[in-house]
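Geometric and topological summary
Next come the chains, spelled out residue by residue.
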Amino acid sequence: MNPVLEGLAANPSLPSGLVDRLIPVAREWVAIALGERTDLRPDQVLALAAHDEDAATRLARSGLLAAGDVDPVARPEVALVLLDEGAGPPGWARLFAADPDAYTRQRLAACPGLPPEVAESLAADPVISVVVELALEAPPELAGRLARHPHAEVRRAVARNENAPPAVLAALATGAGLPPATSCLVCGADSTPSERELYQPDGPGRGDGCDGVHAFTLSATLYAAAANPATPPEALAGFAGHDSSGVRWTLAERADLPAQVYAGLAGDPVPGVRAAVARNPAIGEALIRAMAADPDDDVRRALAHHPRVPLDVLARLAERTKIGTVPLPRIAAASPGELAELVASAPATVRALVGERHDLPPAIRDALADDPDTKVAKAVAPHPGLSEARLRGMVARHGVAVHARVAANPDAPGALLAELARHEPPVRRALRAIAEHPRAMAEALLPCLDDTRAGRHAAAHPALPPQTLVALLTHPDPRVAEAAAAHPALPREAMEALTAGLPGHPSGSGGRPAPAGELTEPGVTRPVS
């Protein structure tokens, strides 16, 4: 791989003539980057598709390659992509339905809008994986028939299908009205040894084979039906005490079950199940208050993210649980009066949660910016509208603890960003914020180039001048060099140099620009590495 050529292939300013030079040598990510361009000429699309299979499939997926450009016998992968996009003719589906390769038929079964006779052929395929793939998104009538398939794995696939009729999904969940399955991936004659081991009822390598009623797959089918939003809730309510924690967990995530189901699941022995109940918007205040005493941190953290958690409960949760630095739905919905009350009387942990909301009234925003508690200042620091004086005041009071969050403020001026970037020792998170900041100037970006995570973002920043980009093409970090090569401000002369020696270049020599040696800006001199 050549990261510089990868970046160049993605450069929106790359002249069409240089695209022509890259196509004959495009491999791997270079070909993929070329295939994602939106300015390819029709002849370039065909040339790239003929040169690289992965690029051809991407061009087909994006609509740049049409069915008339593809021979389905010579390029089956590309033809299947076009069928999957609904852009392939019905004749291709009939061709692939008769293909002796089961994987090709399986790929076809995943395509939408198949001709009826093709769908019927695939539904009767002797290879179960083909029928399973068809069942996952089969239309209602066909899904209803496949729900009675003798192989349990096909039924499990129908249980995941949101097109299946609700009555069919209810029958798959309960087993009512369906004839018993006769085989599964544990006992089926067509299953592989690895499948039989994977689907042992007691886990890989420990089971005693199929129990005759295909219990493992039946449980997996119930799990799939419980996760399917089209399954009627009344068919699921009786499974809250099921042996499988996966089934109970999935039920806890549904928002359409009776209140007593959630009340029962709130006492589940598995913390993940209780956490799913805690964040479920369908539970009421009484259950929220009861769950606030849960001994598990993850459960209480989930409860803090509930959209209707009472503010007094949220305050108690914040005092004993690490909630994180993300906006909470209940804080986002709080009225100005509620926000003012929290800022005036709540502990610092709750004030910090308020600060994470970045559409606060100016008075509340400024009060939080002046807060003496560092975690409150960090929370509000990225809030739009903070003045330069307040941002500098936060840096003066709280030091490096707020550098990264101040650097993320959209209104932070370029001069302040440059000061933060020059801090010694470097504050790595601040450098990463500066590298992506729209107000950052070259003076602030240059220190970011030495950071392993910020460098590639800094190299892509619009404020970098052309001569700096040329120097970065030889940067030791390949991601930085790639970003520089992809920069739309890269001079054409540098692009020409990078493609010198490729097919179509008149000189037939060269290949890389001469190293620039230093990155220089007015008043700034820094070595490349």
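Coordinates for the structure precede this section.
Predicted, not measured: the structure shown is a model, and the values here were computed from it.

Calculation notes
Residues numbered from 1 in each chain as written. Predicted model: local features only at pLDDT ≥ 70, side-chain atom pairs only at ≥ 80, totals over all residues. Heavy atoms only, no water. Core = buried A, V, L, I, M, F, W, Y, C linked by side-chain atoms within 4.5 Å. Buried < 20%, exposed > 50% of the residue type's maximum accessible area, 1.4 Å probe, protein only. Contact = heavy atoms within 4.5 Å. Helix = DSSP H or I, 4+ residues; strand = E, 2+ residues; numbered from the N terminus. Polar contact = N/O pair within 3.5 Å; in protein donor to acceptor, adjacent residues only side chain to side chain. Axes fitted to C-alpha atoms, helices over the stretch in contact; angles between N-to-C directions. Parallel < 35°, antiparallel > 145°, perpendicular 65-115°, else oblique. Left-handed = near helix turned anticlockwise from the far one by under 90°. Nonpolar A, V, L, I, M, F, W, Y, C, P; charged D, E, K, R; others polar. Patch = residues over 30% accessible without salt bridge, like charges linked within 9 Å, V, L, I, M, F, W, Y side chains within 5 Å. Areas by Shrake-Rupley, 256 points an atom, 1.4 Å probe, with all protein chains shown as cover. Salt bridge = Lys/Arg side-chain N within 4 Å of Asp/Glu carboxyl O. Lys, Arg positive; Asp, Glu negative; His and termini not counted. Charge placed at Lys NZ, Arg CZ, Asp CG, Glu CD.

Moving on, we come to the nonpolar core. Ranked by internal contacts, the top residues of the largest apolar core, which has 159 residues, are L108 and L146. In contact with L108, other than residues within four places in its own chain, are L80, L83, A93, F96, A97, L114, V118 and L122.

Let us look at the side chain of H398. Structurally, the position occupied by H398 is in helix α27 (residues 388–398). The class of H398 is buried, set by a relative accessible area of 11%. A distance of 3.5 Å separates a polar atom in the side chain of H398 from the backbone oxygen of D371. A polar contact of 3.0 Å, which involves the side chain of H398, links it to the side chain of T374. Beyond its immediate stretch of four places on either side in the chain, H398 contacts D371, P372, D373, T374 and A377.

Examined against the element boundaries, Y103 turns out to sit in helix α8 (residues 102–109). The class for Y103 is partly exposed, based on a relative accessible area of 48%. For the pair Y103 and S129, spaced 26 residues apart in sequence, the C-alpha to C-alpha distance is 8.5 Å.

This brings us to unusual backbone geometry. In this structure, the amide linkage connecting E424 to the following residue, P425, adopts the cis form with an omega of -5 degrees. Here P425 shows up in the loop between α29 (414–421) and α30 (428–435). The phi torsion at E28 lies on the positive side, around 50 degrees, for a residue other than glycine. Position of E28 relative to the elements: it lies in helix α3 (residues 28–35).

Where helix α6 (residues 76–84) contacts helix α7 (residues 90–97), the axes come no closer than 10 Å and their chain directions differ by 125 degrees. Here α6 lies oblique to α7, going by the angle between them. Considering how the two elements wind past one another, α6 and α7 form a crossing that is left-handed. Residues P76, A79, L80, L82 and L83 of α6 form the contact with α7, whose participating residues are W92, A93 and F96. Of the residues contributing to the contact of α6 with α7, the split by class is eight nonpolar, no polar and no charged.

A contiguous patch of positive charge, built from K378, R429, R453 and R456, is present on the exposed surface. Accessibility expressed as a relative area gives 34% for K378, which makes it partly exposed.

With their axes 8 Å apart at the nearest point, α8 and helix α10 (residues 128–136) run at an angle of 10 degrees to one another. Put simply, α8 runs roughly parallel to α10. Within the contact between the two elements, α8 uses A102, R105, Q106 and A109 and α10 uses S129, V130, E133 and L134. Among the residues making up the contact of α8 with α10, the classes are represented as four nonpolar, two polar and two charged.

The analysis is restricted to geometry; functional conclusions fall outside its scope.
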